[in-house]
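Examination of the molecular architecture
Each chain, written out:
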Amino acid sequence: MKQDVAGAGPDPVDARLGGRLAELRAERGWSLGELAERSGVSRSTLSRAERAEISPTASLLNRLCGVYGRTMSQLLSEVEAEPAQLVRAAGQQVWQDTASGFVRRSVSPPHAGLRGELVEGRLSAGADIAYDRPPVPGLEQHIWVLEGALAVTARDVEHHLATGDCLRLRVWGPTRFRCAGDEDVRYVLAVVLP
């Protein structure tokens, strides 16, 4: 569990995220067992995430977003205050999956009603993230590498991207993002809901 600055409790973002995950489950009237069946995530992990006892991984959030029909950015924007039209760099929400070496910055001002968003992704050297399904089937993604080398696998085809390269795809099944070089990779992910 990430601690807040004073070390007195869970990270504030994790606490708000856990609360929102619990709300989404309650809105549907599901028990932890029902959500576990739908998501393929254990009841204990779901419970710990809802109580902010653990910081959820990218893979876990992806599974839950799929069950709830949201992108990760939409979910994260729901735990923020009133949406703004402008978000300065210092105010952009950053979320980190330390277990996988993935850092995600929500660049676009959050707004649940819009279909497109920009995300900055960073993968540390050797990082490899596999998603077993898209959060929303048919999600359109544009992946533009700013620095480094990235391997993206979709529909059993691995695409190797170098600095400046851009890949466009619709996501229907499993995907994999892998840092393909000896240095960290930084990329922009443009996401458009179908």
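Data block above holds the structure.
Read on for a plain summary of the structure. (Residues numbered from 1 in each chain as written. Predicted model: local features only at pLDDT ≥ 70, side-chain atom pairs only at ≥ 80, totals over all residues. Heavy atoms only, no water.)

This part is about the sheet that holds strand β9 (residues 175-179). Here we have four strands laid out as an open sheet, ordered β4-β9-β6-β7, and antiparallel in their pairing. Strands at the two margins of the open sheet, each flanked by one partner only, are β4 (128-131) and β7 (157-161). Neighbour to neighbour, the strand axes of the sheet diverge by 15 degrees on average, direction disregarded. Bridging between β4 and β9 involves four bridges; their strand directions are antiparallel. Note on β9: the bridge partner recorded for A130 is R176. (Pairing = 2+ DSSP bridges. Helix = DSSP H or I, 4+ residues; strand = E, 2+ residues; numbered from the N terminus. Axes fitted to C-alpha atoms, helices over the stretch in contact; angles between N-to-C directions.)

This part takes up the sheet that holds strand β10 (residues 185-192). Pairing is antiparallel in the open sheet, where six strands are placed in the order β1-β2-β3-β10-β5-β8. Edge positions in the open sheet fall to β1 (94-97) and β8 (166-171), since each of these has one partner strand only. If you compare each strand with its neighbour and ignore which way they point, the axes differ by 20 degrees on average. Relative to strand β3 (residues 116-123), strand β2 (residues 102-106) is paired through five bridges, and the arrangement is antiparallel. Counterpart to V103 in the pairing with β3 is R122.

So, about the side chain of T153. By the secondary structure assignment, T153 is in strand β6 (residues 150-154). For T153, a relative accessible area of 18% puts it in the buried group. Leaving out residues up to four positions away in the same chain, T153 has contacts with E158, P174, T175 and R176. (Buried < 20%, exposed > 50% of the residue type's maximum accessible area, 1.4 Å probe, protein only. Contact = heavy atoms within 4.5 Å.)

So, on to the pattern of salt bridges. Across all of its chains, the model carries 16 salt bridges by this definition. Between E120 and R186 there is a salt bridge, with the nearest N and O atoms lying 3.2 Å from each other. Taken together, the positions of E120 in strand β3 and R186 in strand β10 put the pair 66 residues apart, joining distant regions of the chain. E120 sits in the buried class, given a relative accessible area of 10%. A salt bridge links D128 to R176; the nearest nitrogen and oxygen atoms lie 2.5 Å apart. Placement of the pair is D128 in strand β4 and R176 in strand β9, with a sequence separation of 48 residues. By relative accessible area, D128 is classed as partly exposed at 36%. Given the relative accessible area of 30%, R176 is considered partly exposed. (Salt bridge = Lys/Arg side-chain N within 4 Å of Asp/Glu carboxyl O.)

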